[in-house]
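Reading the structure
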Amino acid sequence: MTLVRRANPATWAMLTTTPFLCAAGVLLLVFAPELQPGVSAVAVCLLAYIAGSLSWGYILVDLAMGEDIRDFGSGRTGMSNILRTAGGKAATLVFLLDAGKGALVVLLARGANGSVETEVAAALIALCGHNWPIFLRFRGGRGIMPGFGGLSIMAPWIAASGGAVFLVVTLSSRILSLGSIAGTLAVALISLALTFMIGHHQLYTLYAFVGGALIIWQHRDNIRRIANGTERRLGLPGLRNH
């Protein structure tokens, strides 16, 4: 994609918010030792929602094509719809940015507050921000990439296992949504098994189940299409919806 000088108000709002968000995160890390744990936890969660609300797929398609990505394909702002609409390079960039915001809010929670409770809360709130972003009237993505990014910091081996299941199912079925659902379920089940077997932290398992439930809920239209055999497969373009 070739970036051009055009953007709508939502894109400008997200782009101008980004440097202030970064500055706020740095200041929180600097002054965190002087803050009460509850205050730092609230600050982390607020920043997590704003970070989650930065819809990079929406921004990139608007800048490059002058279009609202939600008018195409699945109507979502995440990587899979970007892949169909704008191509593999754009989808890779969106994957890195969306997973990155999930990872960064967990690292911010770890540095500013230090409690597992705040890590999990921040990761879930960022996922909610991605799905229901304030900048886009609460109409965003499905939560897979920020969910994966947060988990990759909290439980990297479980994240890698879920990613492997996603790849196997997606490549064998050529249905991205099926791979996403399978990977999400695998993460929850593996987390539960490790909690009983080796004492994996229960709050990380809670994250896997609550975050997984939110992700699967966002796939409810895909589940219906998978059930009736009409789900989109890899290689099909994202057509305009109206």
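Rules behind the numbers
- Residues numbered from 1 in each chain as written.
- Predicted model: local features only at pLDDT ≥ 70, side-chain atom pairs only at ≥ 80, totals over all residues.
- Heavy atoms only, no water.
- Helix = DSSP H or I, 4+ residues; strand = E, 2+ residues; numbered from the N terminus.
- Rg over C-alpha atoms; globule rule 2.2 N^0.38 Å.
- Buried < 20%, exposed > 50% of the residue type's maximum accessible area, 1.4 Å probe, protein only.
- Contact = heavy atoms within 4.5 Å.
- Areas by Shrake-Rupley, 256 points an atom, 1.4 Å probe, with all protein chains shown as cover.
- Lys, Arg positive; Asp, Glu negative; His and termini not counted.
- Charge placed at Lys NZ, Arg CZ, Asp CG, Glu CD.
- Core = buried A, V, L, I, M, F, W, Y, C linked by side-chain atoms within 4.5 Å.
- pLDDT = per-residue confidence, 0-100.
- Phe/Tyr/Trp six-rings, centres within 6.5 Å; stacked < 30°, edge-to-face > 60°.
- Axes fitted to C-alpha atoms, helices over the stretch in contact; angles between N-to-C directions.
- Parallel < 35°, antiparallel > 145°, perpendicular 65-115°, else oblique.
- Left-handed = near helix turned anticlockwise from the far one by under 90°.
- Nonpolar A, V, L, I, M, F, W, Y, C, P; charged D, E, K, R; others polar.
- Expected span 1.5 Å × (residues − 1).
- Bend = angle between axes of the 7 residues up to and from the residue.
- Polar contact = N/O pair within 3.5 Å; in protein donor to acceptor, adjacent residues only side chain to side chain.

1. Examining the overall build of the protein chain
A count of helical and extended segments in the protein chain gives eleven helices and zero strands. Counted from the first residue to the last, the protein chain has its helices and strands arranged as α-α-α-α-α-α-α-α-α-α-α. Relative to its length of 242 residues, the protein chain is compact, with a C-alpha radius of gyration of 18 Å against a globular reference of 18 Å. Dimensions along the principal axes, computed over C-alpha positions, put the protein chain at roughly 50 × 50 × 25 Å. Counting across all 242 residues of the protein chain, residues that qualify as buried make up 50%. A sequence separation of at least 24 residues applies to 72% of the contacts in the protein chain between residues at least 6 apart. For the protein chain, the exposed area adds up to about 11,600 Å²; of that, 70% sits on carbon and sulfur atoms. Taking the 18 positively charged and 10 negatively charged side chains of the protein chain as two groups, their mean positions are separated by 9 Å.

2. A few points about the nonpolar core
One finds Val 44, Ile 82, Val 120, Leu 151, Met 154 and Tyr 207 to be the most contacted residues of the largest nonpolar core, which totals 47 residues. At eight residues, helix α5 (residues 88–112) tops the list of elements feeding residues into this core. The contacts of Ile 82, once residues within four sequence positions are left out, are Gly 57, Val 61, Ile 69, Thr 77, Gly 87, Ala 90, Ala 91 and Val 94.

3. Regarding the confidence of the model for the protein chain
Residues at a pLDDT of 70 or more form 95% of the protein chain, whose mean pLDDT is 93. Within the protein chain, no element has a lower average pLDDT than helix α4 (residues 79–86), which sits at 89, and none a higher one than helix α6 (residues 116–131), at 98.

4. Quick notes on the packing of aromatic side chains
A complete count under the given rule lists one aromatic pair for this structure. Here Phe 95 and Phe 148 contribute two aromatic rings whose centre-to-centre distance is 6.4 Å and whose plane-to-plane angle is 35 degrees, an arrangement assigned as tilted. Here the residue Phe 95 occupies a position in helix α5, and Phe 148 occupies one in helix α7 (residues 144–154), the gap between them amounting to 53 residues.

5. Focus on the packing of helix α9 (residues 176–198) against helix α11 (residues 220–228)
Remark: α9 packs on α11, axes separated minimally by 10 Å, with the N-to-C direction vectors making an angle of 115 degrees. As summarised for this structure, α9 and α11 are arranged roughly perpendicular, according to the angle between their axes. For the crossing formed where α9 meets α11, the hand is left-handed. Packed against α9, whose contacting residues are Ser 177, Leu 178 and Ile 181, the element α11 presents Asn 222, Ile 223 and Ile 226 at the interface. Across the contact of α9 with α11, the residue classes break down as four nonpolar, two polar and no charged.

6. Section: unusual backbone geometry
Not every positive phi belongs to a glycine, and Arg 137 is a case in point at roughly 55 degrees. Position of Arg 137 among the secondary structure elements: in the loop between α6 and α7. A positive phi angle, near 60 degrees, is found at Arg 174, a position not held by glycine. Inspection of the secondary structure puts Arg 174 in the loop between α8 (156–173) and α9.

7. Structural notes on helix α1 (residues 9–31)
Taking 1.5 Å of rise per residue, 23 residues should cover 33 Å, and α1 covers 33 Å from first to last C-alpha, within 8% of that figure. A maximum bend of about 30 degrees is found in α1 at Thr 18, where proline Pro 19 lies one to four positions downstream. Within α1, the full set of buried residues consists of Ala 10, Thr 11, Met 14, Thr 18, Leu 21, Gly 25 and Leu 28. Two or three places before Ala 10, at the opening of α1, Asn 8 has a side-chain oxygen 3.1 Å from that residue's backbone nitrogen.

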